[in-house]
Amino acid sequence: MMKTNDNTLPEYNPHLIEPEIQKLWETNKSFEVTEDTTKEKDYCLSMFPYPSGKLHMGHVRNYTITDAISRFKRMNGKNVLHPIGWDSFGLPAENASMQNKKPPSEWTHTNIAYMKEQLKQMGFSYDWKRELATCTSDYYKWEQWFFIQMYKKNLVYRKNSIVNWDPVDKTVLANEQVIDGRGWRSNAIVERREIPQWFLRITNYAKEILEDTDTLNWPDEVKQMQKNWIGQSKGTEIIFIVENLDYKIKVFTTRPDTLFGATFIAIATEHPLVKYANQENINDFIEETKKTAINEAAIETLEKKGVFSGLYAIHPLSGDKIPIWIANFVLIEYGTGAIMSVPAHDERDHAFALKYNLPIVQVIKPKDNSNIDISSEAFTQKGILINSCTSDKYNNVSFDDMNFNEASDAINSLLIDNNLGAVKTNYRLRDWGVSRQRYWGCPIPMINCEQCGCIPEDEKNLPVLLPIDNINLDNGSPLKTMKEFYETNCHICKSKAIRETDTFDTFFESSWYFARYCSYDADVMLDDRVSYWMPVDQYVGGIEHAILHLLYSRFFQKAMADILPYTIDSLKEHILPREPFTSLLTQGMVLQGGVKMSKSKGNTVDPQELIDKYGADTVRLFTMFAAPPTISLEWSNTGVEGAYRFLKRFWRLATNHIKNVSLKNNNSTNIVHSKLNSKQKNIRNKIHSTLAKVIDDYNRRFTFNTVIAALMELTNALNKFEISDDIDTYIYDEGIKIIILSLSPITPHISSKLWEMMGNNPDITFIDFPVVDTEALEVDQLEIIVQVNGKLRAKILVTKDLEDDELKSTALENQNVKKFVTSTPKKIIIVKNKLVNIVV
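Residues numbered from 1 in each chain as written. Predicted model: local features only at pLDDT ≥ 70, side-chain atom pairs only at ≥ 80, totals over all residues. Heavy atoms only, no water.

A. Representation of the packing of helix H21 (residues 704-720) against helix H22 (residues 726-743) within the structure. H22 packs onto H21 with a crossing angle of 160 degrees between their chain directions and a minimal axis gap of 11 Å. Regarding the angle of H21 to H22, the classification is roughly antiparallel. Helix-helix and strand crossings are classified by hand; for H21 and H22 the assignment is left-handed. From H21, Leu-711, Leu-714, Thr-715 and Leu-718 reach across to H22, where they touch Tyr-732, Gly-735, Ile-736, Ile-739, Ser-742 and Leu-743. Here the residues of the contact of H21 with H22 are counted per class, giving seven nonpolar, three polar and no charged. (Axes fitted to C-alpha atoms, helices over the stretch in contact; angles between N-to-C directions. Helix = DSSP H or I, 4+ residues; strand = E, 2+ residues; numbered from the N terminus. Parallel < 35°, antiparallel > 145°, perpendicular 65-115°, else oblique. Left-handed = near helix turned anticlockwise from the far one by under 90°. Contact = heavy atoms within 4.5 Å. Nonpolar A, V, L, I, M, F, W, Y, C, P; charged D, E, K, R; others polar.)

B. Examining the sheet that holds strand S5 (residues 156-166) more closely. Reading across from one edge, S6-S5-S9-S19 is the order of the four strands in this open sheet, with antiparallel pairing throughout. On the outer flanks of this sheet lie strand S6 (171-173) and strand S19 (432-433), each paired with one strand and no other. In the sheet, strand S9 (residues 191-200) pairs with S19 via two bridges, with the strands oriented antiparallel. Within the sheet, the bridge partner assigned to Leu-200 lies in S19 and is Trp-432. (Pairing = 2+ DSSP bridges.)

C. Region of interest: the environment of Lys-223. Turning to its location among the elements, Lys-223 is positioned in helix H7 (residues 220-230). On the accessibility criterion, Lys-223 (11% relative accessible area) is buried. Between the C-alpha atom of Lys-223 and that of Ala-546, which follows or precedes it by 323 residues, the distance is 8.4 Å. Setting aside its immediate chain neighbours within four residues, Lys-223 contacts Thr-213, Asp-214, Leu-216 and Trp-218. Reaching out from Lys-223, the side chain makes a polar contact with the backbone oxygen of Leu-216 at a distance of 3.2 Å. (Buried < 20%, exposed > 50% of the residue type's maximum accessible area, 1.4 Å probe, protein only. Polar contact = N/O pair within 3.5 Å; in protein donor to acceptor, adjacent residues only side chain to side chain.)

D. Inspection of the sheet that holds strand S27 (residues 581-587) at higher detail. Reading across the sheet, the four strands line up as S2-S1-S26-S27 and stay open at both edges, with parallel pairing between neighbours. The sheet terminates laterally at strand S2 (79-81) and S27, the two strands that pair on one side only. For this sheet, the mean angle separating the axes of adjacent strands, direction not counted, is 20 degrees. Sheet topology note: the strand S1 (residues 41-46)/strand S26 (residues 536-542) ladder contains three bridges and is parallel.

Right, dumping it as structure tokens:
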């Protein structure tokens, strides 16, 4: 039973209230939803957690934001889907497994159970029947199946690829996992290796993904990050013939106007032309280059080095011989693996030319004909062409005195006419390499048969199960040594075959989980329910996922829309959306002492300790009140205590009202606003103007901090409101109810309990959100600012639309104004219902 104080009022005790309300939700299955075409659907989703062991404050903030949005939308009649699951494959589990001496499966499922209990303690309104874990075969079976469908549609291929190899973790690293040339987890120096990898043709969708970006209701910053990563550039692909070899080098440039300034060609160490090089020191240089990562960020900070190949290219229009250099700043995975180097007009090429004493030829001059010193620095702006003339072979055509556009068009035309080039659109985006040489991931469903070659597994044999017993990770992935896993038979010719031992990149799992929630129990990848729920209406997650996760998810959604209606019977009559997330909110970080909370920095705050001390509602209230959701939140112990004090204060206010007032006839329908006195109209104006702001902040701006601030102000106003008659009581009761319902998306437990104590159904989930009485927004009296010579001297309360003469008289009679107006004013300026400015 709830304790009472000496005044017989029950004290606020979250440790009694919260389990009671959570049990009620569970019994009522309050958050379980099905498809209902009579209601407007709303799919609200947080980026799902990795089961690291326990919740951190970043989790709490993210999931409280989504929960508040979900609860508000339910109260507004929406059919809300709000699911949760676990991104449970990946290298961290392998590392933790070795540290804790537990198999990854056991470690992962233990963490899931613990974190699930924590999420329930927080009161998040999840549809738990849809819970998924990506490490379970009933989930990853379908991504294996979809991989095979993509293979059939030529969206999958295998090739040898240069990769970032972590020699300690013994796995390929994505470019983003290489930091200052080292593995993001092991801190080992990353090496370049060439190994066979499976790829998805995300570049097939580059143009569509780029064009669709502007249609999304996403933060501009995130959309720009997506565009930059895709990296569309329009330019010219130019062909250089290698001297004495039947070989063509293709280079791409966005500056064809600088073609005549090209004084050397730079190629990657892995370029096919390297095998024709004839310099003794090339092998040493290549071995040195292998010790650097292959991502662009690492290349940018790298000391630019190179070695002459001994080969020359022929300039396509001038006929000049140009040396071919092998350079460490050219990546084979980007573009053609070769670049046209123009030292006079590119800073990197300029530095390289100075280092190796290569020619620097100016072919662009400033538009204003000002003097520049090309020997000291590159001139990179667009200007007017000079020194740009073809050989006799092309009739000594001169491009001098042309501007960028004129020269680019003319040079492109000449190149195209002579089969030496083409205008092209290039993308920075590369195909997605999904192979990982680690154990704890989804097995790639391919087999190698001596007779049939490399073929997909028979779909009838799916899932290809990941072994979870007797796992030893001491020497990297055990799949490569487990005959019981990799030895199999070809389903076509029945010969012996070898199963693929690489597993999928974990981005593979997180690129379609949102769709599986819709068809959580289907015996196909997705069924027709996905067409009801998708796309996600509101997605919430960290800005750190603004590039890859969102990009890969967009690719998957488009591929699913293209493939699934033709392969799954129940989807044949449906058109799937081509974008997964309509609206995106990226929440800020949680900071402690100005830096992000992290275990490595030793500045974390354990949410469980706060729940145990203050209850979940206090934690939820603080995380929503401390900052707008998109801004980083600075942790404050006093802020948490302040949130707890407010809940106790409001609890006392509400329970005192419940105790002292008969609620039988306390109904806002008894309130006729036009018949109220001035005091009553003013407090109702405060109640309903607050409600209007709350609705706008919830519905449009997601600024939960201002919701809470407004409700705190209203609480203070009600606390000061003196009840003199029954109408006062009705108004006060209306105000208390509006605060309870308005707080409930953020603090659902205390709100549900108070709602029950006021004689209502305790399950507040589907109670209609209160409606603003627009009549109450009209006020009889207004606060008018009074200035003297532009300086604030008083604030006066007057009747709305007061006549100018009466307003002037009232302002001049104010005692504080009289101190500054000692003579007849020169003029009095009035801004109706806002301001009086007296000029003396």
